[in-house]
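The lines below spell out each chain.
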Amino acid sequence: MAVPDKFTGFQVNSAETWQEFHKNEFQPKPFGDYDVDIKIECCGVCASDLHTINGEWGPQNYPLAVGHEIVGTALRVGPKVTLIKPGQRVGVGAQSYSCLDCRQCKNENETYCTKQLDTYGAKWPDTGIVSQGGYSSHVRTHEHWVFPIPDGLPSTAAAPMLCAGLTSYSPLVRNGCGPGKKVGVVGIGGLGHFGILFAKALGAETWAISRSRAKEEDAKKMGATGLIATNEKGWNEPHRMTFDLIINTANSFDGFQLAEYLSLLDVHGKWVSVGLPGGDGITIKNQDFLPNGCFIGSSHLGSRREMLEMLQLAADKGIKTWVEEVPLSAENLKTALNRLGHHDIRYRFCLTNYDDVFGK
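Residues numbered from 1 in each chain as written. Predicted model: local features only at pLDDT ≥ 70, side-chain atom pairs only at ≥ 80, totals over all residues. Heavy atoms only, no water.

Rules: UniProt positions are given in the numbering used here, feature names are shortened, and annotations may be inferred rather than shown by experiment.
As annotated in an unreviewed UniProt entry, the chain is alcohol dehydrogenase (NADP(+)) from Pseudallescheria apiosperma. Its UniProt record gives the chain a comment under Sequence similarities (unreviewed entry), which states: "Belongs to the zinc-containing alcohol dehydrogenase family." Recorded under Catalytic activity (unreviewed entry), the UniProt text for the chain is reproduced unchanged: "a primary alcohol + NADP(+) = an aldehyde + NADPH + H(+)".

**Describing the packing of helix α4 (residues 164-174) against helix α9 (residues 304-317)**
To keep it simple, the criterion reads: The angle between two axes is taken between their N-to-C directions and runs from 0 to 180 degrees, where each axis is a line fitted to C-alpha atoms and a helix contributes only its stretch in contact. In this text, helices come from DSSP runs of H or I with a minimum length of four residues, and strands from runs of E with a minimum of two, each type numbered from the N-terminal end. When an angle is under 35 degrees it counts as roughly parallel; over 145 it counts as roughly antiparallel; between 65 and 115 it counts as roughly perpendicular; any other value is oblique. Whether two residues are in contact is decided by their heavy atoms: any pair within 4.5 Å suffices. Each residue gets one label: Ala, Val, Leu, Ile, Met, Phe, Trp, Tyr, Cys and Pro are nonpolar, Asp, Glu, Lys and Arg are charged, and the others, such as Gly, are polar.
For the pair α4 and α9, the least separation of the axes is 10 Å and the interaxial angle reads 100°. With respect to α9, the element α4 is oriented roughly perpendicular. Facing α4, whose interface residues are Gly-165, Leu-166, Tyr-169, Ser-170, Val-173 and Arg-174, α9 presents Glu-306, Met-307, Glu-309, Met-310 and Leu-313. Class assignment of the residues belonging to the contact of α4 with α9 gives a composition of 6 nonpolar, 2 polar and 3 charged.

**Examining the sheet that holds strand β13 (residues 243-248)**
Operational definition: The rule for pairing is simple: two strands pair if DSSP sees at least two bridges between them.
The strand order across the open sheet built from 6 strands is β12-β11-β10-β13-β14-β15, with neighbouring strands paired in parallel fashion. Each of the sheet's edge strands pairs with one partner strand only, and the pair in question is β12 (226-229) and β15 (295-298). Ignoring strand direction, the axes of neighbouring strands in this sheet form an average angle of 20°. With 4 bridges connecting them, strand β14 (residues 265-273) and β15 associate as parallel partners. By the bridge assignment, Trp-271 is partnered in β15 with Ile-296. Strands in contact with α4 are β10 (182-186), β13 and β14; relative to β13, the strand with the most contacts, it is inclined by about 160°.

Below, the structure is given as structure tokens:
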């Protein structure tokens, strides 16, 4: 199948008009020796897409097509590509470039490379061309950031794992999640539901932590042992100093009492935040983590190795994203992103029907 000289995508022109999606042609970066051209089959919808196009995360390089949970077919590979073959079903996540030569890259921490570039909205070195995301017909990506999808994993289940799934999986495995450990997941949303699914699959005793019990039944279906509701008086007392690890995926810090959450951790337990709520954040006092000597940190995406391990784990364990499929169109994008902004989703969207829009 031929690769077009220009790709086509649904772009927005400004933060002020972020709900208006325009089907435009755009120029991809020049095809390199290590590049893979992918015809997109489906793409997840991430909260990052919304925060980017509506201006919450600052000025952007418009016009811009977002989307970084991409699954499709590799059509063409560069002459030095060894990791991907034409015809493979593959995925692309939120990162599409790192130097692969620095200390971080050589230690499988390439997501922390100082030269890392995002799948959309970044300017490719030496070209000035802005990277465009998965609300498009095709994507061109360095092979290191293209991942074979296991046969047992449906495309629409795999797509949201490429950002949200990895964002939750990496801090779990890097911080000892497994048999004999008690792990909490704060927030049951797009990130949090993956945290529960993967913590359970890794063998940990897994607890959901949410403001109310509204999603308790869902959490237990995902594999949680139980749910802790933080709107109940004395909610933290029964579990004080019993958790080895807590992954925080909360999308808001309104009314957030950090000290009460940290009190759940055992001595030298870890609190790892992966959500990116807006606002001024939370106040951290040393007194809050002295009683148990706990550690506070964060995590960004994950490595290629972790991505491949996560996808295989999902295939082996039959893990399925809780996903709502949405046929791609300008109007459906507007609706889906507005619903996402109002948290009207359980728990991820995935855009489909790409052939109907861009042709076969």
